[in-house]
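Structural overview
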Amino acid sequence: MPAVGPDYYRRMWEVEGSRLDADLVIVAFFMGNDLRDAVRDDGRGLDALARRSLAVRLARNPYLGWRGIAPRTPPDRGEARRQPEEARDYPRGGILLPEFTDRYDPMRPTLSPEAFAETNRRRFRLFVEARRELLDEGIDSIASDMRALRDQIGATGARLVVVLIPSEPQVDPELEARIAEELGLQDDEYDVGSPNRVLSAWLEAESIPHHDLLPALAEAAGRVDLYRFLDTHWN
């Protein structure tokens with residue numbers, strides 16, 4: 001589900017989740033855009049309209065995907081962030097359906113290199129120390145939905161746990177450095193861990209259990225590819 005955040009998580013619980021006899025409810029909070037999208041929606045324009053209309057979201061999301069989608073042929077390997085030949089060593093699992101002609105390939109690009117770079121540049125602003133107000137605005141924007149989730153889920157006897165999923169620049173030092181260079185930022189002008197610390201502190205103050213995956217994924221990033229090739233999603 002592209003371009004969704006805590007308000008949709010809350011609505012999904014109200015419409016579907018609350019009907020289940022759940023013991024544990026896990027909210028996967030993506031640091032890449034769950035805060036940024038909340039700040040971006042200022043109550044006007046297409047984003048605000050999409051929040052209120054399923055029909056608008058259904059029309060908007062495919063267009064946004066098509067605009068930045070990668071061509072069927074992978075980009076030139078010299079431009080690639082990781083070498084596509086690594087995919088030759090990847091095992092292929094699952095069951096091949098005869099009528100399904102496409103195949104999952106972890107090294108097949110989802111976005112064009114240009115769209116991938118632009119997406120990460122936009123998200124990087126949350127790390128910039130001089131723009132700390134964006135973090136505070138993001139927390140304010142999600143506060144009511146997260147509190148409602150805590151209270152509504154707790155009222156059923158279930159337990160809510162929020163899992164913080166880092167964005168790729170937070171765990172990939174090479175990608176982090178390249179984006180910072182493109183934006184003209186010095187090392188002391190940004191901190192890729194700051195959104196997680198700020199959100200963790202807020203969740204702690206609100207008595208919402210949470211687990212931050214940033215340390216574990218940052219440690220594993222040097223040993224295994226954690227994100228799809230030219231994508232912004234965690235595998």
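Presented here is an overview of the structure given in this document. (Residues numbered from 1 in each chain as written. Predicted model: local features only at pLDDT ≥ 70, side-chain atom pairs only at ≥ 80, totals over all residues. Heavy atoms only, no water.)

**Some remarks on a negative patch on the surface**
Side chains of Glu129, Asp187, Asp188 and Glu189 sit close together on the surface and give a patch of like negative charge. Mapped onto the elements of the fold, aspartate 187 is located in the loop between helix H8 (173-182) and helix H9 (194-205). Of the residues examined, aspartate 187 reaches a relative accessible area of 66% and is grouped as exposed. (Patch = residues over 30% accessible without salt bridge, like charges linked within 9 Å, V, L, I, M, F, W, Y side chains within 5 Å. Areas by Shrake-Rupley, 256 points an atom, 1.4 Å probe, with all protein chains shown as cover. Salt bridge = Lys/Arg side-chain N within 4 Å of Asp/Glu carboxyl O. Lys, Arg positive; Asp, Glu negative; His and termini not counted. Charge placed at Lys NZ, Arg CZ, Asp CG, Glu CD. Helix = DSSP H or I, 4+ residues; strand = E, 2+ residues; numbered from the N terminus. Buried < 20%, exposed > 50% of the residue type's maximum accessible area, 1.4 Å probe, protein only.)

**Description of the nonpolar core**
Residues Val162 and Leu199 are the most contacted members of the largest nonpolar core, which totals 42 residues. For this core, the secondary structure elements donating two or more residues are helix H1 (6-15), strand S1 (24-30), helix H5 (113-124), helix H6 (132-155), strand S2 (159-165), H8 and H9. In this structure, leucine 199 is in contact with Phe29, Met31, Ile139, Ile142 and Leu164, ignoring residues within four places of it in sequence. In this structure, Val163, Val171, Leu213 and Leu214 belong to the second largest nonpolar core, which totals nine residues. (Core = buried A, V, L, I, M, F, W, Y, C linked by side-chain atoms within 4.5 Å. Contact = heavy atoms within 4.5 Å.)

**Side note on the environment of arginine 228**
Tracing the sequence through the fold places arginine 228 in the segment after helix H10 (214-220). Side-chain polar atoms of arginine 228 contact the side chain of aspartate 231, separated by 3.3 Å. (Polar contact = N/O pair within 3.5 Å; in protein donor to acceptor, adjacent residues only side chain to side chain.)

**Things to note about the sheet that holds S2**
Here we have three strands laid out as an open sheet, ordered S1-S2-S3, and parallel in their pairing. Edge positions in the sheet fall to S1 and strand S3 (210-212), since each of these pairs with one other strand and no more. Averaged over all pairs of adjacent strands, the angle between their axes in this sheet comes to 20°, without regard to strand direction. Alignment of S2 against S3, held across three bridges, turns out to be parallel. Each residue of the ladder has a partner; that of leucine 164, found in S3, is aspartate 212. Along the sheet face, H6 touches S1 and S2 and points at about 145° away from the line of S2. (Pairing = 2+ DSSP bridges. Axes fitted to C-alpha atoms, helices over the stretch in contact; angles between N-to-C directions.)

**Description of unusual backbone geometry**
Although it is not a glycine, serine 207 sits at a positive phi angle of roughly 60°. You can see serine 207 is positioned in the loop between H9 and S3. The exposure class assigned to serine 207 is exposed, which follows from its relative accessible area of 60%. Its identity as a non-glycine residue notwithstanding, leucine 230 has a phi of 50°, on the positive side. Owing to a relative accessible area of 3%, leucine 230 belongs among the buried residues under this scheme.

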